[in-house]
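Geometric and topological summary
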Amino acid sequence: MSVRILAAFAAFAALVGAASAAGDPKPAEIFEKRIMPIFKSPNPSSCTQCHLAGVDLKNYILPSHEKTFLSLRDQGLIDLDKPEDSKILRLINMGESTKGAQLINEKVRKLEVEAFTEWIKASCADPALRSAPKLAAADLAQPKRPNEVIRHARIDKVVESFEKNVWSQRFRCFGCHSPEGSQNAKLAKENGEEMTWIRREGAEATMNYLLTSRIVNPKAPDKSLLVAKPTNQVKHGGGQKMIVGDMAYKGFRAWLEEYAKTVNDKYASANDLPKETPRPLTCGSEHWVKIANTPPAWADRLLQVTVFAWDAQKKAWETEPCAMNDRPVFGKGKLWQHDLVLLAAPDSPRAQAFRGNKASLPAGRYLVRVHVDLQGRLAADWKAALGKAEYVGEKEIEGRLPEGYGSMTVIEAGSLKR
Ligand code: HEC
Ligand code: HEC
């Protein structure tokens, strides 16, 4: 056969090939029509329903259909023999089963799934694409963040951190800011409904509200009203309810910082991620402690009370406190009096006993240790912990710590032993 006839035959074969597909569009056409609009769209993909940063469907798309296919294939995101089981489709479908997924996401996701399914099927049916040589590693289209960072920058991780750091310490704000708080109805009438930023539905609903309100500022987390109001850095109708560096501030600020870093895509590698420190479970209580007749030098300084339980087996005080609180000394009244927040290692028997809203310490032997931040160390470094330099003494207590505002455990400041 002459070269000409050969060429004619090849053209004929190609025609037959196309005809046998009975008008099925080619991968390139589907890509142009359905995938490119996703790539070029200024709108976020459905991934952002869960992923706040680090990954987007666009990250997997290249301007060329062949390269996009090979890139997905080479990363194991395409199942050549069962295209509908391809991992990229599973990633897109991740949000399908989540409850309360917004309709807008549902619509976006449906379009993405249909587009990718059609295009992947057509591509997998093309022998030339299936067997094309591997792309160079540098040409692969993938998210710029590693998997560890992608897994961390998820909204459910932010909720987890919120529960651990903020929700667990809502007691200081509850009375005025929760619809279930005793002062809320009256205050909301005077100050407007936005007073009620704690949601009846719980932690996640509260967080979702805060994130869409003016209370959280991801550009300047330390200026967020969530900490600026209760510290009175911005004048607060409730007065000073927190001071920089105290235990509630540490939790609230840690969550704000983490959220800001996450949404601003500031975690580049697994090493940048915050260490997973198991924070103790916290729980409000009716155990009130009063430190009476505080010396003038303590006036208006942060005073921290930590309570340690006796470990009868080890014949020693436990190393971690079972209760604490830290607030400024009321200078004019020469006293400090507050209810204790109970603490327990997660999953410990003590934590089990704390389930529920208010709990109490059983009768026993306790050591009450007192620190006073005389140098204002926490104001300079909110992450600092009070230590030896701030230690002012301790007192042992035996029996049952009484409960209720009317029956406080009173400790004379002068009776603290060093
Ligand atoms: C409904 C929530 C949700 C949606 C929507 C979602 N993901 Fe995920 N994604 C997750 C969860 C949960 C994990 C963690 C899985 C694990 O740790 O095993 C994850 C992990 C990942 C990872 C890390 C690697 C891995 O397999 O763990 C990548 C990459 C990823 N998702 C990509 C995407 C892309 C791309 C989209 C959009 C097309 C998307 N995700 C949509 C929840 C979601
Ligand atoms: C004794 C009541 C009371 C307590 C307790 C209290 N607040 Fe407030 N708070 C108010 C009042 C009243 C307002 C409204 C006036 C204002 O904006 O300062 C307010 C306003 C706020 C606002 C502004 C809300 C908005 O959308 O404008 C924030 C944020 C806030 N408080 C945070 C806190 C935090 C955090 C705590 C707990 C650590 C707390 N508050 C404890 C009374 C209280």
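Residues numbered from 1 in each chain as written. Chains lettered and ligands numbered in written order. Predicted model: local features only at pLDDT ≥ 70, side-chain atom pairs only at ≥ 80, totals over all residues. Heavy atoms only, no water.

**Regarding a negative patch on the surface**
Selection rule: A patch is a set of surface residues, each over 30% in relative accessible area and not in a salt bridge, joined within 9 Å for like charges and within 5 Å for the nonpolar side chains Val, Leu, Ile, Met, Phe, Trp and Tyr. What sets the accessible areas is the Shrake-Rupley method with a 1.4 Å probe; for residues, cover comes only from the shown protein chains. Within this document, salt bridges are pairs made up of a side-chain nitrogen of Lys or Arg and a carboxyl oxygen of Asp or Glu, the two lying within 4 Å of each other. Positive: Lys, Arg. Negative: Asp, Glu. His and the chain ends are not part of the count. Where a charge lies is defined by one atom per residue type: Lys uses NZ, Arg uses CZ, Asp uses CG and Glu uses CD. Secondary structure counts use DSSP, requiring at least four H or I residues in a row for a helix and at least two E residues in a row for a strand, with both numbered from the N terminus. Burial classification: accessible surface area is computed with a 1.4 Å probe over protein chains only, and a residue below 20% of its type maximum counts as buried, one above 50% as exposed, and the rest as partly exposed.
A grouping of Glu160, Glu163, Glu204 and Glu276 is seen on the molecular surface, where their side chains present a negatively charged patch. When you line up the elements, Glu163 lands in helix H8 (residues 155–165). Judged by relative accessible area, Glu163 falls into the partly exposed class, the value being 39%.

**Looking at helix H10 (residues 184–191)**
The line we're drawing: Think of the arc as the fan of directions from the helix axis to the C-beta atoms.
Listed as buried for H10 are Asn184, Leu187 and Ala188. Around the axis of H10, the buried residues are gathered within 100° of arc, so they sit on the same side. Structural note: H10 exposes Ala185, Lys186, Lys189 and Glu190 on the side pointing more than 90 degrees away from its buried face.

**Looking at the pattern of salt bridges**
For the coordinates displayed, the defined rule picks out 21 salt bridges. A salt bridge links Arg172 to Asp246, with the nearest nitrogen and oxygen atoms 2.9 Å apart. Here Arg172, found in helix H9 (residues 171–177), pairs with Asp246, found in the loop between helix H12 (225–228) and helix H13 (247–263); they are 74 residues apart in sequence, far enough to count as distant. With its nearest N and O atoms 3.7 Å apart, the salt bridge here joins Lys223 to Asp222. Through salt bridges that share partners, Arg34, Lys110, Glu114 and Glu118 make up one connected network.

**Describing the coordination of the iron atom of ligand 2**
Rules: Coordination partners: N, O, S within 2.8 Å of the metal, 3.2 Å for Na, K and Ca; water not considered, so apparent gaps in a site are possible. Labels for metal geometry use angle windows, namely 85 to 135 degrees for all angles of a four-donor tetrahedral site, and for square planar (four donors) or octahedral (six donors) sites opposite donors over 155 degrees apart plus all others within 65 to 115; sites meeting none of these are irregular.
All of the protein donors around the iron atom of ligand 2 are His177 (NE2) and His236 (NE2); their distances to the metal are 1.9 to 2.0 Å. The coordination sphere of the iron atom of ligand 2 comprises 6 donor atoms, whose angles at the metal cover 84 to 178°; the geometry is octahedral. Placement of the pair is His177 in helix H9 and His236 in the loop between H12 and H13, with a sequence separation of 59 residues. Judged by its relative accessible area of 12%, His177 falls in the buried class.

**Describing the layout of surface pockets**
Stated precisely, the cut-off is as follows: Put simply, the grid is 1 Å and covers the protein atoms alone, a cavity is a trapped set of points that fit a 1.4 Å probe, a pocket is an open set with protein on both sides within 12 Å along at least five of seven lines, and lining residues have an atom within 4 Å of a point. Grid points are joined across faces, edges and corners, and a volume is the space filled by probe spheres set on the points. Domain start and end points were adopted from an automatic or database domain assignment.
Considering only enclosed or pocket space, the second largest pocket measures out at about 1400 Å³ in volume. Residue lining of the second largest pocket: 50 residues in total, with Arg172, Cys173, His177, His236 and Lys241 positioned closest to the centre. Elements with a contribution of two residues or more to the lining of the second largest pocket: H9, H10, H12, H13, strand E1 (281–292), strand E4 (323–328) and strand E5 (335–344). Here the lining of the second largest pocket spans two domains, and each of domain 2 (155–272) and domain 3 (281–415) adds at least three residues to it.

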